[in-house]
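These are the residues of each chain, in order.
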Amino acid sequence: MVSLPHPSVLHGAVSASCLCCRKGKDQFDNLEKHTQWGIDVLEKYIKFVKERTEIELSYAKQLRNLSKKYQPKKNSKEEEEYRYTSTRAFLATLNEMNDYAGQHEVISENMTSLITAELTRYVQELKQERKSHFHDGRKAQQHIETCWKQLEASKRRFERDCKEADRAQQYFEKMDADINVTKADVEKARQQAQLRHQMAEDSKAEYSSTLQKFNSEQHEHYYTHIPNIFQKIQEMEERRIVRIGESMKTFAEVDRQVIPIIGKCLDEITKAAESVDHKNDSQMVIEAFKSGFEPPGDVDFEDFTQPMKRTVSESSLSNSRGDGKSEPKFGSKSKGKLWPFIKKNKGAGPEDFSNLPPEQRRKKLQQKVDELNRDIQKEMDSRDALTKMKDVYIKNPQMGDAASVDHRLAELGQNIEKLRLEVQKFEGWLAEVEGRLPARSEQPRRQSGVYEAQNPSGVNSCAQDRESPDGSYTEEQSQETEMKVPATDFDDEFDDEEPLPTIGTCKALYTFEGQNEGTISVAEGELLYVIEEDKGDGWTRIRRNEDEEGYVPTSYVEVYLDKNAKDVHKPLQKISE
């Protein structure tokens, strides 16, 4: 706390009082700079801890990816290799590294909740408290300065009245001594001198009262108000210092809490390493690759001095080699992987803005939804205007042909349906960001059922997720086995479900371009199968053939339901209108 010098009674020179006020103001300026510096230090520490948590999360993610990358692929030759003690120990190490990464995530979460979040909230409270204290200090400083100005004004008025009274008294004495002046003039001068004297007495009394009041206010200011404000500022600053010290202690405690668990992970790795049995692994290799053939016998001596009866011993090495079966190859290379043949999708950012931070992504999605809603409103206004125009043409045929606007009305209806589908899609992503839906939840079947089977970009994105610079996979084997088929056969994973039976036929009244997910394009007059009725949302599910099906607006087709229809495709016959 800054201590101020004890002021003497303010009745002397003006410079002494002004100096005291200036010193008090200077102290407030110094304290304001120092407390702001303290807040800056606190915010710097918050930023340091935040970057530490980001490093911990990044490190944990890299450890998990590393562990996942070297995990054995399911239903592959690698699983057979993990029957050896050395490879089982390596697998245990990978699992423990995954748990090890989890502890670094715990460090990040605890530092975020116990330090970053708490200190951020405390900084906001500290700024408000600091602002309040310095506001009170400035207010007290302005009050004492106002009192000082009132005292100066009262003193100058008293001084002026005294001088006027002296001049009036001197004038009266001069008039009284002059024998040429009439009594009336003398009496007038005397009354004027008395009036000025009375005014001087009143100014003196006012100045005295103002002086006493100022002295009291000044004493209260320097001995009560200012010390109390300085004391509050001191306590605020001490709390800040204590708080940052406690946060540093918590910083160390968060690390210390996970040390036992990390130690257990390392102990398990050590235990797995000690379980490696070289004798056992060697015996397994022997059992796996031993041939079972007897060693070849000795080679007989062939005497070329005798007649040419060269025979080869039945136990010769050549016979044993000829009769022997080829040994199985060990460690043969596996088939080539799929990733080199999948091209990366190097285009613009994803449609759902998933490459952006959450808040920015939410804003982008909201802007997109608002933009689409404005487009829908424009289209609806145009449709309403054309509808009114058509009504006018119907009532007054001489003004125009009502049928001339039908094509435009159908086009507007189609545009509105497209825009509504887009709004529904982006609102789903927006709800996911805002937490109203589970992450990556399944979209309504009408939007995703057919689109997923027709969208090859999904295959490419899966391949990109699994690809790494060294050509290895980072996804689980269950996903890899699904990707080991050509991209054109990706839809086979949906073949487990029985196709919906046809319940009738329909005829397209208008051309519809199914450019959105879950829809199918039809041409005017085209005949198709109906596999699902309109459920009240304005869409009918149709099928062209075994590979093409989707939704079209109910108003675009004329439906002929067949109650006796079976799960077979009947030949489409021409439907009379």
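By convention here, each chain's residues receive numbers from 1 onward along its written sequence. Local features in this predicted model are restricted to residues whose pLDDT is 70 or higher, and side-chain atom pairs enter the listing and the counts only when it is 80 or higher, whereas totals over whole chains, interfaces and linings include all residues. As a convention, hydrogens and water are excluded, and side-chain values are obtained from all of the structure's heavy atoms.

*Asks:* Explanation requested: the overall build of the chain in the structure shown.
*Replies:* Under the DSSP-based scheme used, a helix requires at least four consecutive residues in state H or I and a strand at least two consecutive residues in state E, with every element numbered from the N terminus. Per the secondary structure count, the chain includes 12 helices and 5 strands. Residue pairs in contact within the chain that sit at least 24 positions apart in sequence constitute 72% of those at least 6 positions apart. Computed by Shrake-Rupley with a 1.4 Å probe, the accessible areas treat only the displayed protein chains as cover when residues are assessed. For the chain, the exposed area adds up to about 38,400 Å²; of that, 52% sits on carbon and sulfur atoms. By definition in these notes, contact holds between two residues if any of their heavy atoms fall within 4.5 Å.

*Asks:* Sorry, what's going on with helix α8 (residues 406–434) here?
*Replies:* Working note: α-helix, 3.6 residues per turn, so residues spaced by three or four point in the same direction. Helix span is expected to be 1.5 Å times the residue number reduced by one. The end-to-end C-alpha distance of α8, which contains 29 residues, comes to 41 Å, matching closely the 42 Å that a straight helix rising 1.5 Å per residue would cover. Phi for Gly435, located one or two positions after α8, is positive at around 90°.

*Asks:* Hey, could you run me through the side chain of Thr210 in this one?
*Replies:* Mapped onto the elements, Thr210 comes out in helix α4 (residues 183–274). Classification of Thr210 as buried rests on a relative accessible area of 18%. Dropping the residues within four chain positions of it, Thr210 is found in contact with Gln150, Leu151 and Ser154. Between buried and exposed lies partly exposed: a residue is buried under 20% and exposed over 50% of the maximum accessible area for its type, with that area taken using a 1.4 Å probe on protein chains only.

*Asks:* What exactly am I supposed to notice about a nonpolar patch on the surface here?
*Replies:* Taken together, the side chains of Leu66, Tyr70 and Phe90 define a hydrophobic patch exposed on the protein surface, amounting to about 280 Å² of accessible area. The topology assignment puts Leu66 in helix α1 (residues 14–69). In this scheme, patches are assembled from residues that exceed 30% relative accessible area and form no salt bridge. Like charges are connected within 9 Å, while nonpolar side chains (Val, Leu, Ile, Met, Phe, Trp, Tyr) are connected within 5 Å. The working definition used for a salt bridge is a side-chain nitrogen of Lys or Arg within 4 Å of a carboxyl oxygen of Asp or Glu.

*Asks:* For this particular structure, what's the right way to read the nonpolar core?
*Replies:* Buried together is how nonpolar side chains tend to be arranged in soluble globular proteins. Note on terminology: a nonpolar core comprises buried Ala, Val, Leu, Ile, Met, Phe, Trp, Tyr and Cys residues joined through side-chain atoms within 4.5 Å. Ranked by size, the top nonpolar core spans 30 residues in total, and within it Leu42, Tyr45, Met111, Ile115 and Ile233 carry the most contacts. Of all the elements in the fold, those that place two or more residues in this core are α1, α3 (85–177) and α4. Residue contributions to this core peak at 11 residues, all from α3. Beyond its immediate sequence surroundings of up to four residues, Leu42 is in contact with Leu119, Tyr122, Val123, Leu126, Arg240 and Ile244.

*Asks:* Would you explain the pattern of salt bridges in this entry?
*Replies:* Side chains that differ in charge, positive against negative, can pair when their charged atoms come close. Throughout the structure, instances matching the rule amount to 28 salt bridges. Between Lys418 and Glu513 there is a salt bridge, with the nearest N and O atoms lying 3.9 Å from each other. Here Lys418, found in helix α8, pairs with Glu513, found in the loop between β1 (504–508) and β2 (527–532); they are 95 residues apart in sequence, far enough to count as distant. Owing to a relative accessible area of 18%, Lys418 belongs among the buried residues under this scheme. One salt-bridge network, in which partners are shared between bridges, spans Glu532, Arg541, Arg543 and Glu549.

*Asks:* I'm lost on the sheet that holds β1 in this one. Help?
*Replies:* Pairing between sheet strands relies on hydrogen bonds along the backbone, with the strands arranged either parallel or antiparallel. Here, a strand pair is defined by DSSP locating no fewer than two bridges between the strands. The 5 strands are arranged β4-β3-β2-β1-β5 in an open sheet whose pairing can be described as antiparallel. Single-partner strands in this sheet number two, and they are β4 (549–553) and β5 (557–561). Here the average twist between neighbouring strands, direction ignored, is 40°. Angles run from 0 to 180 degrees between N-to-C directions of axes, and those axes are lines fitted to C-alpha atoms, restricted for helices to the stretch in contact.

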